Amino acid sequence: MNSIINENMQWIDKVWNNLDSKLRIVARRSFDKLPYTTIDGVHDNKHDTEPDWWTNGFWGGMMWLMYAETGNEVYKMTAMRSEELIGDALKDFKKLHHDVGFMWHILSGANYRLTGNTRSCNLNLYMAAMLFSRFNVDGDYIRAWNVCPELAGWTIIDCMMNIPLLYWASEEIGDDRFKKIAMRHADMAMRDHIRSDGSVNHIVEHNPETGEVIKVHSGQGYSETSCWTRGSAWAIYGFVLSYIHTGKIDYLNTARKAADYFISNCANFDFMTPIDFCAPPEPLYYDSTAGVCAACGMIEIAGCLSEEDGLKYMEAAIKILKATDSRFCNYGKDEDSIVQMGSERYPVNGDMSGVHIPIIYGDFFFAEAILKLKGSKFLIW
Ligand code: GLY
């Protein structure tokens with residue numbers, strides 16, 4: 001693996017310098033915010049509108065990634081401020097859902113692992129208990145959302161990125177219960193969300209009394225039989241993380257299968273990820289966030305394999321990241337976001353809101369991927 005990294009080191013260093021020099025300025029500017037996207041180049045602030053929004057951990061999480069690499073106190077201070085601000089989400093238990101992993105594990109969990117902060121450790125353990133409590137013992141899955149009884153049987157592939165919180169909790173308190181629940185959920189996702197060709201069902205509805213699959217819903221992709229690329233990315237990265245935390249080889253094989261599908265399809269788009277691999281060719285809508293998240297997973301997959309077997313995944317990750325860097329990145333210091341052209345979902349009835357916008361987790365996963373290539377050993381998940 002070293003040779004492909006070495007060949008690309010100049011480019012990796014250049015991108016890293018662009019990231020660090022922009023983010024150390026934006027860290028100060030957005031100190032008091034929980035950003036989601038930008039308005040006229042300026043970060044918005046979900047703290048004022050939706051403190052329980054599922055992406056509210058990513059800004060502070062990215063600050064911890066940057067702090068882990070640089071030791072720069074600006075990043076640490078902004079990350080800690082972010083943890084204070086997200087605290088408002090705790091005011092209403094009923095609004096909390098399975099995304100407590102996205103929200104706290106990369107924020108409070110990272111704080112504890114990097115600084116030893118015991119308050120953050122406790123908070124992250126409470127969140128693990130909260131996620132654990134969403135397990136449906138009859139259906140064998142972690143329930144995604146609240147809202148109404150009709151959603152009691154719904155699971156979404158995204159949850160694969162929340163369960164590392166449970167693996168961590170088991171390690172932290174020396175008790176396998178959390179890990180076992182996470183593995184039961186991952187086993188369900190392997191069976192019910194991953195299709196035979198390696199593409200992914202976004203939402204699966206189960207009978208909450210038996211776990212039996214009732215129906216597949218389309219979610220944020222083009223249709224229920226198409227392939228929403230961010231769902232694939234959650235599967236690629238989520239399954240390799242489950243392998244790293246448990247050693248269960250089926251999870252690594254599943255991550256590879258999802259990555260193989262992603263790579264062969266993404267090649268048709270010059271490694272600039274569309275929102276859905278199976279959508280009509282025109283108009284073409286991109287989702288840069290899917291590419292950078294998938295790249296993180298591919299780099300981890302490569303690290304779990306021999307140099308020969310891993311090369312394909314590392315090469316694809318680098319191609320995606322280079323396409324992102326050259327086509328989608330804004331390193332200008334007057335604007336707050338870096339990765340442009342993210343998309344929340346495939347547009348419904350021509351509604352383009354949330355399509356081709358910067359989204360905070362695009363910046364997070366791009367920075368995380370570049371740090372992995374740079375050799376960072378801090379696995380935030
Ligand atoms: N987890 C929701 C999304 O990926 O948009």
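The structure displayed is predicted, hence computed values, not measured ones. (Residues numbered from 1 in each chain as written. Predicted model: local features only at pLDDT ≥ 70, side-chain atom pairs only at ≥ 80, totals over all residues. Heavy atoms only, no water.)

Okay, the overall build of the protein chain next. A tally of helices and strands in the protein chain yields 15 helices and seven strands. Out of the 381 residues in the protein chain, the part that is buried amounts to 62%. If you sum the accessible surface of the protein chain, you get close to 14,700 Å²; carbon and sulfur atoms cover 49% of it. In the protein chain, 36 positive and 50 negative side-chain charges are present, and the distance between their average locations comes to 3 Å. (Helix = DSSP H or I, 4+ residues; strand = E, 2+ residues; numbered from the N terminus. Buried < 20%, exposed > 50% of the residue type's maximum accessible area, 1.4 Å probe, protein only. Areas by Shrake-Rupley, 256 points an atom, 1.4 Å probe, with all protein chains shown as cover. Lys, Arg positive; Asp, Glu negative; His and termini not counted. Charge placed at Lys NZ, Arg CZ, Asp CG, Glu CD.)

What follows concerns unusual backbone geometry. Leaving glycine out, the prevailing phi sign among residues is negative, and the prevailing peptide bond configuration is trans. The amide bond that connects Glu282 to the next residue, Pro283, takes the cis arrangement and shows omega of -10 degrees. Locating Pro283 in the fold gives a position in the loop between α12 (249-266) and α13 (288-304). Here His356, not a glycine, exhibits a phi torsion of approximately 60 degrees, which is positive. You can see His356 is positioned in the loop between α14 (307-328) and α15 (360-374). His356 gets classed as partly exposed once you look at its relative accessible area, which sits at 27%.

For the rest of this paragraph, the subject is the sheet that holds strand β6 (residues 203-206). What the three strands build is an open sheet, ordered β5-β6-β7; its pairing is antiparallel. Looking along the sheet, the strands with just one partner apiece sit at the ends: β5 (154-156) and β7 (213-217). Taken over all neighbouring pairs, the strand axes of this sheet differ in orientation by 25 degrees on average, direction set aside. As judged from the three bridges shared by β5 and β6, these two strands associate in the antiparallel manner. (Pairing = 2+ DSSP bridges. Axes fitted to C-alpha atoms, helices over the stretch in contact; angles between N-to-C directions.)

Under the defined criterion, the tally for this structure stands at 29 aromatic pairs. With centroids separated by 5.5 Å and ring planes inclined at 45 degrees, the aromatic side chains of Phe58 and Phe102 adopt a geometry described as tilted. Remark: Phe102 occurs in helix α6 (residues 100-105) and Phe58 occurs in helix α4 (residues 58-70); sequence separation between them is 44 residues. Accessibility expressed as a relative area gives 0% for Phe58, which makes it buried. Clustering of aromatic rings is evident, with ring pairs tying together Trp54, Phe58, Phe102, Trp234, Tyr237, Tyr361, Phe364, Phe365 and Trp381. (Phe/Tyr/Trp six-rings, centres within 6.5 Å; stacked < 30°, edge-to-face > 60°.)

Once that is clear, we can look at the site of the ligand. Inspection of the region around the ligand gives Trp54, Asp158, Gln220, Trp228, Arg230 and Trp234 as its neighbouring residues. In this structure, Asp158 approaches the ligand through a side-chain N or O atom, which is 2.6 Å from a nitrogen atom. Computed on the free molecule, the ligand has an accessible area of 200 Å², of which 92% lies beneath the protein chains in the complex. Residue classes in the shell around the ligand are distributed as three nonpolar, one polar and two charged. (Near = heavy atom within 4 Å. Polar contact = N/O pair within 3.5 Å; in protein donor to acceptor, adjacent residues only side chain to side chain. Nonpolar A, V, L, I, M, F, W, Y, C, P; charged D, E, K, R; others polar.)

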